[in-house]
Protein chains: 2
Amino acid sequence: MNIVCIGSGNVATHLAIAFKAIGVDIVQVWSQDSRNAEILAALTKATPISDWDELDRSADCYVIAVKDNAIASVAAHLTDVKGIVVHTSGATPMSVLSAVKNGYGVLYPLQTFSKSKAVDMTRVPLCIEADREDSLEKIKIIAQLLSAKVSVVTSQQRGILHVAAVFASNFTNHLYQLSSELLEQHQLNFDLLKPLILETAEKVQSSTPAEAQTGPAIRNDQETIKRHLDLLSSTPGLQQIYQTLSNSIKKNDL
Amino acid sequence: MNIVCIGSGNVATHLAIAFKAIGVDIVQVWSQDSRNAEILAALTKATPISDWDELDRSADCYVIAVKDNAIASVAAHLTDVKGIVVHTSGATPMSVLSAVKNGYGVLYPLQTFSKSKAVDMTRVPLCIEADREDSLEKIKIIAQLLSAKVSVVTSQQRGILHVAAVFASNFTNHLYQLSSELLEQHQLNFDLLKPLILETAEKVQSSTPAEAQTGPAIRNDQETIKRHLDLLSSTPGLQQIYQTLSNSIKKNDL
């Protein structure tokens, strides 16, 4: 089994390293920026390329992990490669690859990646989709090499998963940031909140979020809510978010 | 060192068990509901009481862990006890205990507790405050028995910490719930999001939330934001939260 990695960002890096670690050969790393191609190629003992003319067209699989809006232009260079072509985007329909002739699909790792933090790929949910049955089998074999959690999802379901991930990750991280700014304004250290943040995430690994919900809004504690809104009077943006989310929690209680 | 525990809910239970585990004697557990007093007293080899006339007035410390709106009425029974009196509430000013004669204060554990899940109290930030210097020394000694993370904070700072905890825990849990409902509507399993939720919380243990922020709003990816809002068109409540939080993330980027 060998792979060409198209892209050199966070997702490309984590996937390429995880493939390499399980013995899959990374034959080439393509990046528009030759320096970036060289860095990831060095990590995975691959050949860096930036010129499409140098592409090895006989690999088993081409993994596209570039910015969403660059997938289509990259795919145009992969229409007649021998192996299967997959993109890794949560937000992009599979149909962006429809000009690829020998089978295509999606391998979407549902996780947040940053270059500075290792991720155990065996626990990352991989959501896969394919243009036809034999492509799906090929992608499933590749995905199951990487992770114990492989699910077949449609493009529409993947779109929903991507929105849900924005709520569960991007928005929660923003709430962490708002709380950290609030503490900073009052000479308090964000470290004080870190155990609470971790415990809140750990709770829903075994309980449902509905069971785990606590706080003034769910108990309809108007006195505390009013005191909190008063404390936020100098930061109307925070006040609005407090109000919006408290109302949403109360509605759930109906 | 011995303690009377006033209350039998989540906070009372976790604190009493943690005290017992480090060798502090729990002499009595008071609860308005005698059944609840008996349950926690049995766990901590204490005497259950429900009648204030039975209160042992000679303990070293009285830990009040009852609902916020019951603290004042409970404190009225503790004005002339020998030991120090502390409440454990994030949202309640210390002054609610001002009729207590022999020293009082606050011992606020900044964590979310549920009866079904053990918590390592040695890692829970304990925020303390006291009416005077010698009370503060006593509360500090008690707090440092339990946890390695003891901070002195004012009532006003504690109020801010409590609001920040609502953002970082109650509201994030609600976002988990909204994402789980969205998945359920589309026949997708919430398990798919659990590794992402945990990783998002783990990231800010070592990076700042600002450094960790990802997603369409921070990169001002209008196309994805529009697609997400379209996907949420049948759930206007979610659409409003998506819009509010995305706008807040974009503002931070300025």
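As recorded by an unreviewed UniProt entry, chain A carries the name Oxidoreductase and is attributed to Pedobacter cryoconitis.

Colleague: I'd like a description of the UniProt feature "domain: Gfo/Idh/MocA-like oxidoreductase N-terminal" (unreviewed entry) in chain A, backed by residues and values.
Modeller: Per the UniProt record, "domain: Gfo/Idh/MocA-like oxidoreductase N-terminal" (unreviewed entry) is found at residues 1-70 of chain A. The distance separating the terminal C-alpha atoms of residues 1-70 of chain A is 26 Å; by composition the span is 31% helix and 26% strand.

Colleague: Tell me what's going on with the domain arrangement of chain A, and back it up with residues and numbers.
Modeller: All names here are of chain A. Domain assignment breaks chain A into domain 1 (2-153) and domain 2 (158-252). Contacts between the two partners involve 14 residues from domain 1 and, on the opposite side, six residues from domain 2. In this assembly, domain 1 packs against domain 2 so that about 660 Å² is buried in total across both faces, 61% of it on carbon and sulfur atoms. Taken together, the connections running from domain 1 to domain 2 amount to one salt bridge.

Colleague: Go over the relation of the copies chain A and chain B with me, naming the residues and quoting the values.
Modeller: Least-squares fitting of chain A to chain B yields an RMSD of 0.0 Å, with the transformation described by 0.0 Å of translation along the axis and a rotation of 180°. Here the transformation between the copies is reduced to the relation of a two-fold axis. Closest to the rotation axis within chain A is the C-alpha of A:Thr172, separated from it by 2.5 Å. Interface overlap between copies: 100% of the residues of chain A at the interface are likewise at the interface in chain B, consistent with a symmetric, same-surface contact.

Colleague: Tell me what's going on with the interface of chain A and chain B, and back it up with residues and numbers.
Modeller: Contacts between the two partners involve 82 residues from chain A and, on the opposite side, 82 residues from chain B. For the pair chain A and chain B, the two sides together bury roughly 8,100 Å², of which 68% comes from carbon and sulfur. Taken together, chain A and chain B are joined by 28 residue pairs in polar contact (both at pLDDT 80 or more). Those elements that provide at least two residues to the side of chain A that touches chain B are α5 (155-185), α6 (194-206), α7 (209-212), α8 (222-231) and α9 (236-252) of chain A. Looking at the side of chain A that touches chain B, the element that brings in the most residues is α5(A), giving 27 residues. Residues of the side of chain A that touches chain B, tallied by class, amount to 42 nonpolar, 30 polar and 10 charged.

Colleague: Tell me about the sheet that holds strand β8 (residues 150-152) of chain A, and please be specific about residues and values.
Modeller: The strands that make up a sheet pair up through hydrogen bonds in the backbone, lying either parallel or antiparallel. Residue and element names in this part refer to chain A. Taken in spatial order, the eight strands line up as β3-β2-β1-β4-β5-β6-β7-β8 in an open sheet, and their pairing is mixed. In the strand order of this sheet, the two ends are held by β3 (47-49) and β8, each with one partner. Taken over all neighbouring pairs, the strand axes of this sheet differ in orientation by 25° on average, direction set aside. By the bridge criterion, four bridges tie strand β1 (residues 2-6) to strand β4 (residues 61-64) in an arrangement that is parallel. Its bridge partner being in β4, Cys5 is matched across the sheet by Val63. With respect to the sheet, helix α1 (residues 10-21) is in contact with β1, β2 (25-30), β4 and β6 (104-109), its orientation differing from that of β2 by roughly 160°. Against the sheet, helix α4 (residues 133-146) contacts β4, β5 (84-87), β6, β7 (126-130) and β8, and its axis sits at roughly 165° relative to β7.

Colleague: I'd like a description of unusual backbone geometry, backed by residues and values.
Modeller: Residues and elements named next belong to chain A. A positive phi angle, near 50°, is found at Lys45, a position not held by glycine. By the secondary structure assignment, Lys45 is in the loop between α2 (34-43) and β3. Here Lys45 falls in the exposed class, since its relative accessible area comes to 71%.

Colleague: So, the packing of aromatic side chains: which residues are in play, and what are the values?
Modeller: Aromatic ring pairs are described here by two measures, namely the spacing of the ring centres and the angle between the planes. Applying the stated criterion across every chain, the model contains eight aromatic pairs over all chains. Consider the rings of A:Phe167 and B:Tyr242, whose centres lie 6.0 Å apart with planes at 55°: the pair is tilted. Within this pair, whereas A:Phe167 is found in helix α5, its partner B:Tyr242 is found in helix α9 (residues 236-252), the two belonging to separate chains. Both residues of the pair, A:Phe167 and B:Tyr242, belong to the buried class. Residues B:Trp30 and B:Trp52 carry aromatic rings whose centres are separated by 4.4 Å and whose planes lie at 20° to one another, so their mutual orientation is stacked.

Colleague: Give a detailed account of the packing of helix α1 (residues 10-21) of chain B against helix α2 (residues 34-44) of chain B, specifying residues and quantitative values.
Modeller: All names here are of chain B. At a closest axis distance of 9 Å, the pairing of α1 and α2 adopts a crossing angle of 20°. As far as their axial angle goes, α2 and α1 are roughly parallel. As α1 runs across α2, the sense of the crossing is right-handed. Packed against α1, whose contacting residues are Ala12, Thr13, Ala16, Ile17 and Lys20, the element α2 presents Leu40, Leu43 and Thr44 at the interface. Its residues placed into classes, the contact of α1 with α2 shows five nonpolar, two polar and one charged.

About the criteria used
Residues numbered from 1 in each chain as written. Chains lettered and ligands numbered in written order. Predicted model: local features only at pLDDT ≥ 70, side-chain atom pairs only at ≥ 80, totals over all residues. Heavy atoms only, no water. UniProt positions renumbered as here; feature names shortened; annotations may be inferred. Helix = DSSP H or I, 4+ residues; strand = E, 2+ residues; numbered from the N terminus. Domains from an automatic or database assignment. Contact = heavy atoms within 4.5 Å. Buried area = accessible area lost by both parts, 1.4 Å probe. Salt bridge = Lys/Arg side-chain N within 4 Å of Asp/Glu carboxyl O. Least-squares fit on C-alpha atoms with pLDDT ≥ 70 in both. Polar contact = N/O pair within 3.5 Å; in protein donor to acceptor, adjacent residues only side chain to side chain. Nonpolar A, V, L, I, M, F, W, Y, C, P; charged D, E, K, R; others polar. Pairing = 2+ DSSP bridges. Axes fitted to C-alpha atoms, helices over the stretch in contact; angles between N-to-C directions. Buried < 20%, exposed > 50% of the residue type's maximum accessible area, 1.4 Å probe, protein only. Phe/Tyr/Trp six-rings, centres within 6.5 Å; stacked < 30°, edge-to-face > 60°. Parallel < 35°, antiparallel > 145°, perpendicular 65-115°, else oblique. Left-handed = near helix turned anticlockwise from the far one by under 90°.

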